[in-house]
Amino acid sequence: MSKYFSKKYALLTPYTPGEQPKDTQYIKLNTNESPFAPPPSVVQAVETEIKRAQLYSDPECTALVKKASEIFGVNTKQILPTNGSDEILNFAFMAFCDKDTPVVFPDISYGFYSVFANLHGIPYKTVPLKSDFSIDYRDYMHANATVVIANPNAPTGLCLPVWQIEEIVKSNPNNVVVIDEAYVDFGGESCIPLIHKYDNLLVTQTFSKSRSLAGARLGLGFACESLLADLNTLKYSTNPYNVNRMTAMAGYTALCENAYFMDNCKVICENREYTANELTKLGFEVLPSKTNFLFVKTDEIGGRKLYEELKKKGVLVRNFTSERIKDYNRVTIGTKEEMEIFLQKTKEILKEQRQ
Ligand code: PMP
């Protein structure tokens, strides 16, 4: 830390992104990216758009927002595109929490939530997941705090039904409820339709998982106009051109190709069920996932050890250090071929372990 670093950030522990190794060619099952490249139409559109890169992007992303309004069944004033969904989550913590309005989220969830809270000096409370790692929606009713829930949750992969989310939203009329739907396209049910009914709900989605654009950085926020006005105040006070023109074009074209991505999601779900069955046969405990990853453990080998052994064999998965989940690994679902290799390497490791 330099002597110039502001004291208010001195104690901040930043978010640790998953490994992005440059040395070895790994089978990358560690950051929940899509194994499928964007379709040629998206690539072409970006190639054309970069020829206009001397001009600032449209701060309102008009074409993207219009297309998204058709796909998601909302009006254009109920959508805010951002630089990945991390950015809209950051804006939400800034906009809807402060010293007198703390934030509450599950103890096991997306690691960025506590980072945002610390970054902005917001007091936060975590609610333990139940012993089966599910969320008890009643823990968030009448919370008297801003509520943030990933649905499906990460890294567990478990999902709450929309009626339970609605109970949370209904019972917190004086606080905003943020539902992070980064993984919703893999079998969850979106609560975007609830934004027509409640003025305290913000739903966030991302193009990083189901739409193969993690590297382009595009997220969307859905809420009533007044919540979005607050978020826009923050956007225009930080970076009005937060979505660059290539990304806005990639996002627009991706939405024009929605069927391609939804078909890919079906393939991922099939591969997930196949992998879950095979791991169960090998004696793993596998949580029932509605996402593009599995959260798994076995009594035969510790979570960290399995992660390390898989890495030696060229397969990267994600292991977490926090006490409650250190025996688990989060395995992103890739192509069928990738999952076969992952299973094969896992079998080899278990065999070596037994010797
Ligand atoms: N929410 C959850 C639950 C996530 O796992 C991620 C991905 N790391 C994000 C939000 C952020 O995704 P992005 O910024 O790529 O849209």
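All values reported here derive from a predicted model rather than from experimental measurement.

S.K.: What am I meant to see in the side chain of Arg272 here?
M.R.: You can see Arg272 is positioned in helix α8 (residues 258–281). The exposure class assigned to Arg272 is buried, which follows from its relative accessible area of 5%. A polar contact is formed between the side chain of Arg272 and the backbone oxygen of Phe186, at a distance of 2.8 Å. Apart from residues no more than four positions distant in its own chain, Arg272 is found in contact with Phe186, Ser289, Lys290, Thr291, Phe293, Leu294 and Ile333.

S.K.: I keep staring at empty space enclosed by the protein and nothing clicks. Help me out?
M.R.: In this approach a probe as big as a water molecule rolls over the atoms, and the regions it shows empty are the leftover space. Throughout the structure, instances matching the rule amount to two cavities of 30 Å³ or more. The space that makes up the largest cavity amounts to roughly 40 Å³. The wall of the largest cavity is formed by Ser34, Phe36, Phe186, Lys209, Ser210, Ser212, Phe261, Asn264, Cys265 and Ile268. Its residues placed into classes, the lining of the largest cavity shows five nonpolar, four polar and one charged. When residues are assigned to domains, the lining of the largest cavity turns out to be shared by domain 1 (7–36 + 259–354) and domain 2 (40–256), each giving three or more. Approximately 30 Å³ is the volume found for the second largest cavity. Taken together, Pro106, Val127, Pro128, Leu129, Lys130, Ser134, Ile135, Asp136, Asp139 and Tyr140 form the lining of the second largest cavity. Class assignment for the residues of the lining of the second largest cavity results in six nonpolar, one polar and three charged.

S.K.: Teacher, can you tell me more about the site of the ligand here?
M.R.: Within the structure, the ligand sits among Gly84, Ser85, Asp86, Tyr110, Asp180, Ala182, Tyr183, Thr206, Ser208, Lys209 and Arg217. Taking Asp86, its main chain carries an N or O atom lying 3.0 Å from an oxygen atom of the ligand. In the environment of the ligand, an oxygen atom lies 2.7 Å from a nitrogen or oxygen atom belonging to the side chain of Tyr183. About the coverage of the ligand: the protein hides 91% of its 400 Å² of free accessible area. Taken atom by atom, the bulk of the ligand overlaps the largest pocket. Partitioning the shell around the ligand into residue classes produces three nonpolar, four polar and four charged.

Reading guide: rules and limits
Residue indices follow the written sequence of each chain, beginning from 1 at its first position. Since the coordinates come from a predicted model, pLDDT governs what is reported: local features require at least 70, and pairs of side-chain atoms require 80 or more to be given and counted, while whole-chain, interface and lining totals use all residues. Side-chain figures throughout are based on the complete set of non-hydrogen atoms in the structure, without hydrogens or water. Each helix is a run of H or I in the DSSP string that is no shorter than four residues. Each strand is a run of E no shorter than two, and both are numbered from the N terminus. Under the scheme applied here, a residue whose accessible area is under 20% of the maximum for its type counts as buried, over 50% as exposed, and between as partly exposed, the area being computed with a 1.4 Å probe on protein chains only. Counted as a polar contact is a pair of N or O atoms within 3.5 Å, where, for protein atoms, one must be capable of donating a hydrogen and the other of accepting one, and residues adjacent in sequence contribute only when both atoms are in side chains. Contacts: residue pairs with any heavy atoms within 4.5 Å of one another. Of the grid points, spaced at 1 Å and generated over the protein atoms alone, those admitting a 1.4 Å probe that cannot get out make up cavities, while open sets with protein on both sides within 12 Å along at least five of seven lines make up pockets; any residue with an atom within 4 Å of a point is treated as lining. Grid points are joined across faces, edges and corners, and a volume is the space filled by probe spheres set on the points. Note that Gly is not counted as nonpolar here; it falls among the polar residues with everything else outside the nonpolar set of Ala, Val, Leu, Ile, Met, Phe, Trp, Tyr, Cys and Pro and the charged set of Asp, Glu, Lys and Arg. For the purposes of this description, domain bounds are those given by an automatic or database domain assignment. Working definition: residue near molecule or strand if any one of its non-hydrogen atoms lies within 4 Å of it. Residue exposure ignores everything except the shown protein chains as possible cover, and the areas themselves are Shrake-Rupley values with a 1.4 Å probe. Whether a molecule lies in a cavity or pocket depends on its atoms, and more than half of them have to be within 2 Å of the grid points.

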